[in-house]
Amino acid sequence: MAVGDDRVTFWFGCNMLRHAEMIRLSIMLLERVGYDASAVGGPAYCCGTAHDHEPRAASNMAARTVDRFNERATRDGRNKVITWCPSCHMHMSDIMAPGNATHFDIAHLSEILSDRGAQLTSAMSVPVKRRVLLHRHVGFATHVAINSRVVDVLSRISGLELIEGPAHPGHMCSSVAVVPGALAATARGTWSAAAENRCDTVCTIFHSCHRELAALDGKENIRIRNWVHLVAEAMGIEASDAYRDWRTGEAPDIAAIERAEERRYRQLVEPELRRPSPLR
Amino acid sequence: MSKLQPARSDTSEAFLAQAGLELAALCTACGACFDACPMVDHIGLRDFDSRAATVGLRQLAKGETGSLEAVAWVGACAKSGLCVSACPERSSGLDAMLLVRIAKQHALNDTHQLSVKHDPTYFPRIKTFARLQLTDEELAKWL
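About the cut-offs
- Residues numbered from 1 in each chain as written.
- Chains lettered and ligands numbered in written order.
- Predicted model: local features only at pLDDT ≥ 70, side-chain atom pairs only at ≥ 80, totals over all residues.
- Helix = DSSP H or I, 4+ residues; strand = E, 2+ residues; numbered from the N terminus.
- Rg over C-alpha atoms; globule rule 2.2 N^0.38 Å.
- Buried ≥ 20, exposed ≤ 12 C-beta atoms within 10 Å, placed from the backbone.
- Contact = placed C-beta atoms within 7 Å.
- Pairing = 2+ DSSP bridges.
- Right-handed = clockwise from strand over helix to strand, strands pointing away.
- Nonpolar A, V, L, I, M, F, W, Y, C, P; charged D, E, K, R; others polar.
- Axes fitted to C-alpha atoms, helices over the stretch in contact; angles between N-to-C directions.

Draft legend 1. Representation of the overall build of chain A in the model. Helices and strands together make up the secondary structure of chain A, namely 13 helices and eight strands. Computed over its C-alpha atoms, the radius of gyration of chain A comes to 19 Å, within 12% of the 19 Å expected for a compact globule of 280 residues. When the backbone C-alpha atoms are referred to their principal axes, chain A occupies close to 50 × 45 × 40 Å. Expressed as a percentage of its 280 residues, the buried residues of chain A come to 55%. Considering only contacts in chain A between residues 6 or more positions apart, those separated by 24 or more positions represent 75%.

Shown next as structure tokens:
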């Protein structure tokens, strides 16, 4: 392996900023299997995929983000971009790269973790006694065999019983939410499959599914976890989930709210945290 | 690890303009992508003529007005990707999911058959979530 092959940029996208622990855990998991990960994301690294209605602005965002990754590749030797978000990954492959010269390769986090399966397995020494239903979508398989990659990772965890849930349309829950009724059907399908299979945990793969299903945490005694939470548990790393806790009734502490500016919190964040679950 | 494809245009916007015409030219409007799409069930179009739907898809991808059914279909695209393997022209280079994406963009921006659902609070909300949770060091290093 050439020098610098283990230096990567972890591109977590925009909406993962709701789930700071999942970003931190992903960085820790990369480090545990031997990568030197530098994380970036948020609006300054926007891919532009959510801006189909503003083609010039989306194109400019794509160019800026590719430029920044090119600079990291040439300046820091970080010539691999590790993605989290399937929308960002597909947008980079299908639209950003064909319109901008790139000096880096991409892979999804699940791919590079499962590719280092031996290191991953030896790092996951703590049994995780859960019966888990994996919440799945059919999409993104055009680019990454995401469902089988996550199954490969979770199957290495001692004590964990894994059941693959129904494969829903779309690539993650936010994509089906644009059609009335589709998100509710998706959530209902997953939760009923979990109950029928006597699972105690539903495991999400992507942030948007986690965001939607978090409100159901505890329903029928089924807990919600993301796959990186489960890997972290198996590594003995604390894996808290503030977004899930806020979505089910807790509130951020007052110091955090003040830091975020209370007016902005009340206007922008609280309505999202208090909206009905997808089953209501 | 995936190698990214080489640049074919100077910008993403230029690439999409070029790709829409190229992909539309490869499309035979056979209807296979429509038949494979799971979102068709959610928008009540399962009994609609799939060939007619894909004629509309091809028109939209070229920037022309498409049928109402074709517009509803591209507007409901959830990136399931089942159209990609269903397309008999895939080996010729037809990426059906990209064709649908480009058709949707034209329906939004050129034929105006889809209404724009712009959320001006999108980035401010994300930034507020970030400030709620990230340390000063994380804010400085990651964003």
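Draft legend 2. Structural view of the overall build of chain B. Counting secondary structure elements, chain B contains nine helices and zero strands. Its helices and strands taken in sequence order, chain B reads α-α-α-α-α-α-α-α-α from the N to the C terminus. In terms of overall size, chain B is more extended than a compact globule, its C-alpha atoms giving a radius of gyration of 18 Å where 143 residues would be expected to give roughly 15 Å. For chain B, with 143 residues in total, the buried portion stands at 48%. Restricting to contacts in chain B with at least 6 residues of sequence separation, those with at least 24 account for 64%.

Draft legend 3. Spotlight on the pairing of strand S6 (residues 161–168) of chain A. Residues and elements named next belong to chain A. Pairing geometry for strand S5 (residues 131–137) and S6, over six bridges, is parallel. Considered in S6, the bridge of Arg131 is made with Glu161. What joins S5 to S6 is helix H6 (residues 146–154), and the crossover it makes is right-handed.

Draft legend 4. Region of the structure containing the interface of chain B and chain A. Opposite the 48 residues of chain B that make contact, chain A presents 59 residues. Only helix H1 (12–26), helix H3 (39–42), helix H6 (82–86), helix H7 (96–109) and helix H8 (122–133) of chain B provide two or more residues apiece to the side of chain B that touches chain A. Sorting elements by how many residues they give to the side of chain B that touches chain A places H8(B) first, with eleven residues. Tallied by class, residues from the side of chain B that touches chain A come to 27 nonpolar, 14 polar and seven charged.

Draft legend 5. Geometry of the sheet that holds strand S2 (residues 36–41) of chain A. Residues and elements named next belong to chain A. Here we have four strands laid out as an open sheet, ordered S2-S1-S3-S4, and parallel in their pairing. Each edge of the sheet is formed by a strand with only one pairing partner; in this case those strands are S2 and strand S4 (105–108). Here the strands of the sheet are splayed against their neighbours by 30 degrees on average, with no regard to which way each runs. Of the strand pairs in this sheet, strand S1 (residues 7–13) and strand S3 (residues 80–83) are connected by three bridges, and their pairing is parallel. Along S3, the bridge assignment pairs Thr9 with Val81. Packed onto the sheet, helix H1 (residues 20–32) meets S1 and S2 and runs at close to 160 degrees relative to S1.

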